[in-house]
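Fold and contact review
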Amino acid sequence: MKQKIGNVTLDYTYYSGREQYTDGAIEDVLLEAVKGGKADELLHESDQWAVLYHLSDIRENLLEWYPFEREADILEIGSGCGGLTGLFSRKAHSVTCIELSEKRSMINAYRNKDRENIKIMLGNFEDIRLEQTFDYVTLIGVWEYSGIYISKGGEKSYLYMLEKAKRYLKPDGKIIVAIENKMGLKYWNGAVEDHTGKLYSGMNDYVGEKNVRTFSKQEIVRLLRKAGIEECFFYYPTPDYKLPDCIYTDGKLPEPGDLRDYLKDYNAVRIYNFFDATSWDQICDDEIFSYFSNSFLFICGEGKEKILSAKYNKERKAKYRISTIIKERAGNRYVERKALNREADSHIIQIKQNEDRWKGILPSIEYAPGNIEDNAYISPYVEGVELDTYFYRLRSDVEELVMQVGEIIKNYLTPAREECIPFVYTQEFREVFGERYPKDGYSLKITNVDLTFSNLKLTQEKRLINFDYEWIFDFPVPYEYVIWRTLKQFYNKFNIYFKYKITKSNFIAKFGINMDNLGVYEEM
């Protein structure tokens, strides 16, 4: 039996008639929302994890960056409510979904009813027989359930899932898998295991648990070899694969200070055993992140890295939403910034215009030049150490830290007198920063308000290079505000180290900031 919802075909040939996997009554709410075109409304109003997980477009960050072949055919095993189906449909020639649940399949179909290249087959992957082969077979949040839905039992179930997925690959086809890391840092630090709902299940190797499990990186590599898969490339989505905002690789791992704002565990109560920030910083500095990453994304058949990292900012207003992708071509690294929607196209153009206006305003720093290519802003990857990381290594010696921060400000970030103009309040300033402003001070002729330490790299030759030009203004902005903002962001990022040694206000005062203006700057 087949059913059509819009342009999407649902094929019931292998459907057992039983809902074998469900999140419960919330799926009825999801179905009504997508039927009525109110998915976005539900997403913004609900505080339920299932709504966020199934409807948020942040899900797509996991593979939005991946260069799928345009004429490719994708087999999506365990397509669920369609969190990634729409992305696959936009990027490839065809998408064949396999899903146990009729209700989830209907949610998927209603969400993507206008797409003409999606087919959903209901049933268990173990039972379904396909004549077609595919360029990509995906197992996103699925492989860990092999013990439940594959009858082989034990490790054989996980091997069988991989082996059967291989059978449906075209020559040079790829298997794409996303799964939690049982040794992920969050599980050491009070997060319950995602599938058992218990503390330390994975770290205890699922003793006493049946039919569901995740793996460490080396366990995955060994299982792949048993399945006859030798070529595999690992990516590390953060904070995890479910709602990632950044994807790292072994060629571009996070630095100390990069992993922040993950204090809230969105799907369960969490009891912290230690500070996440300090542990992540040490793990990153020791270059052992790949062992403790909360999740893995790995692509079988991928022999070398084409993309080193991908970062997204979908929490911004739509007109400012872009991706930042670090790539490598012919041994040269470069950075590609692209709009995530048509509204943001003008923002990409603006970055190049900003660069042209900003270059040379601070003559002691250098600038990474970029160009517009195929609607993207392309610039060279700057080698060196971000000032955030450079100063992190002085965290135990506040006196030395203050001295070196002061030296950077004096030697690189202090403008020439001829580049300064008196600050005056303007309508343009009011539209961006509001009605409060300091009564005196000076401005640059052109101001980069995002001159943070994470946007500045220091080379071995002590050249300081600025490489981010998103937030540059040609109306007067108090330059003291720019330095205050840089100092505040740095202190906040590493405050766990500093707060017992020096307060934020005392830290900022060390650099000559007029403390009477702090209240104004906080509101700007």
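Attention here is on the structure that accompanies the text.

What counts, and at which threshold
- Residues numbered from 1 in each chain as written.
- Predicted model: local features only at pLDDT ≥ 70, side-chain atom pairs only at ≥ 80, totals over all residues.
- Heavy atoms only, no water.
- Helix = DSSP H or I, 4+ residues; strand = E, 2+ residues; numbered from the N terminus.
- Buried < 20%, exposed > 50% of the residue type's maximum accessible area, 1.4 Å probe, protein only.
- Phe/Tyr/Trp six-rings, centres within 6.5 Å; stacked < 30°, edge-to-face > 60°.
- Lys NZ or Arg CZ within 6 Å of the ring centre and 35° of its normal.
- Polar contact = N/O pair within 3.5 Å; in protein donor to acceptor, adjacent residues only side chain to side chain.
- Contact = heavy atoms within 4.5 Å.
- Core = buried A, V, L, I, M, F, W, Y, C linked by side-chain atoms within 4.5 Å.
- Pairing = 2+ DSSP bridges.
- Axes fitted to C-alpha atoms, helices over the stretch in contact; angles between N-to-C directions.
- Left-handed = near helix turned anticlockwise from the far one by under 90°.
- Nonpolar A, V, L, I, M, F, W, Y, C, P; charged D, E, K, R; others polar.
- Expected span 1.5 Å × (residues − 1).
- Salt bridge = Lys/Arg side-chain N within 4 Å of Asp/Glu carboxyl O.

Points about the environment of Y272
Relative to the assigned elements, Y272 resides in the loop between strand 9 (246–249) and helix 10 (276–285). The class of Y272 is partly exposed, set by a relative accessible area of 30%. Put simply, Y272 and I513 are 241 residues apart on the chain and 36 Å apart in space, counted from C-alpha to C-alpha.

Remarks on the packing of aromatic side chains
All chains considered together, the criterion is met by 51 aromatic pairs. Ring geometry for Y390 against F391: centres 5.4 Å apart, planes inclined by 65 degrees, an arrangement best described as edge-to-face. When its relative accessible area of 22% is taken as the criterion, Y390 is described as partly exposed. Given a relative accessible area of 0%, F391 falls into the buried group. Taken together, Y390, F391, Y392, F453, F490, Y491, F494, Y497, F498, F507 and F511 form an aromatic cluster joined through their ring pairs. Over the ring of Y53 we find R59, and its NZ or CZ is 4.0 Å from the ring centre. Residue placement shows R395 over the ring face of Y392; its charged tip is 4.0 Å from the ring centre.

Here's the deal with the side chain of E60
Its location among the elements puts E60 in the loop between helix 3 (49–55) and strand 3 (73–77). The buried category is assigned to E60, whose relative accessible area is 13%. Polar side-chain contacts of E60 include one of 2.7 Å to the side chain of R90. The contacts of E60, once residues within four sequence positions are left out, are G83, L84, L87, R90 and K314.

Things to note about the nonpolar core
Ranked by size, the top nonpolar core spans 62 residues in total, and within it W358, L413 and F507 carry the most contacts. Those residues in contact with W358 that sit more than four places away from it in its chain are I365, Y367, L444, I446, T447, N448, L451, N466, Y469 and I472. With 50 residues, the next largest nonpolar core counts L63, W65, L87 and A310 among its residues.

As for the pairing of strand 2 (residues 8–14)
In terms of burial, strand 2 is largely enclosed, as five of its seven residues are buried. Across four bridges, strand 1 (residues 2–5) lies against strand 2 in antiparallel orientation. Opposite I5, over in strand 2, you have V8 as the bridge partner. What sits between strand 1 and strand 2 in their antiparallel hairpin is a turn of two residues, with G6 showing a positive phi close to 60 degrees. Here four bridges tie strand 2 to strand 5 (residues 118–123), and the two strands are oriented parallel to one another. Residue pairing across strands places D11 opposite M121, the latter belonging to strand 5.

Structural notes on helix 9 (residues 217–226)
Three or four residues apart is the spacing at which side chains of an α-helix point the same way, because the helix has 3.6 residues per turn. All of the buried residues in helix 9 are K217, E219, I220, V221, L223 and L224. Considering only its buried residues, helix 9 is in contact with helix 7 (155–167), strand 7 (169–180), strand 8 (232–238), helix 11 (289–292) and strand 10 (295–300). G228 sits one or two residues past helix 9 and shows a positive phi near 80 degrees.

Here's the deal with the sheet that holds strand 14 (residues 366–367)
Sheet strands pair via backbone hydrogen bonds, and the direction of the pair is either parallel or antiparallel. Within the open sheet, the four strands sit side by side as 14-22-21-17. Their pairing is mixed. Looking at the sheet topology across the chains shown, the edges are occupied by strand 14 and strand 17 (385–386). With three bridges joining them, strand 21 (residues 456–458) and strand 22 (residues 464–466) adopt antiparallel strand pairing. Residue pairing across strands places L456 opposite N466, the latter belonging to strand 22.

Quick notes on the packing of helix 14 (residues 398–413) against helix 16 (residues 479–493)
Orientation of helix 14 relative to helix 16, taken along the N-to-C sense of each, is 145 degrees, at an axis distance of 13 Å. Viewed along their axes, helix 14 and helix 16 form a crossing whose handedness is right-handed. The segment helix 14 lies against helix 16, with L401, V405, I409 and L413 engaging Y479, I483, L487 and F490. Considered class by class, the residues forming the contact of helix 14 with helix 16 number eight nonpolar, no polar and no charged.

Focus: helix 7
Taking 1.5 Å as the rise per residue, helix 7 with 13 residues should run 18 Å; its terminal C-alpha atoms sit 19 Å apart, in good agreement. When helix 7 is considered as a whole, its buried residues turn out to be S157, Y158, L159, Y160, M161, L162, K164 and A165.

Some thoughts on the side chain of D450
Within the secondary structure layout, D450 lies in the loop between strand 20 (447–448) and strand 21. According to the relative accessible area criterion, D450 is buried, its value standing at 12%. Within the local environment of D450, its side chain forms a polar contact with the side chain of R485, the two groups lying 3.0 Å apart. What D450 contacts, discounting residues up to four positions off in sequence, is N455, D468, W471 and R485.

Here we look at the pattern of salt bridges
Under the criterion given, the structure shown has 36 salt bridges. Salt-bridge contacts for D73 lead to K170; the nearest nitrogen and oxygen are separated by 3.0 Å. On the criterion of sequence distance, the pair formed by D73 in strand 3 and K170 in strand 7 is long-range, its members being 97 residues apart. Exposure remark for K170: the relative accessible area of 24% places this residue in the partly exposed category. Between K182 and D205 there is a salt bridge, with its nearest N and O atoms 2.7 Å apart. Highlighted residues: K182 in the loop between strand 7 and helix 8 (185–188) and D205 in the loop between helix 8 and helix 9, separated in sequence by 23 residues.

In short, the description is geometric, and any link to function would need to be established separately.
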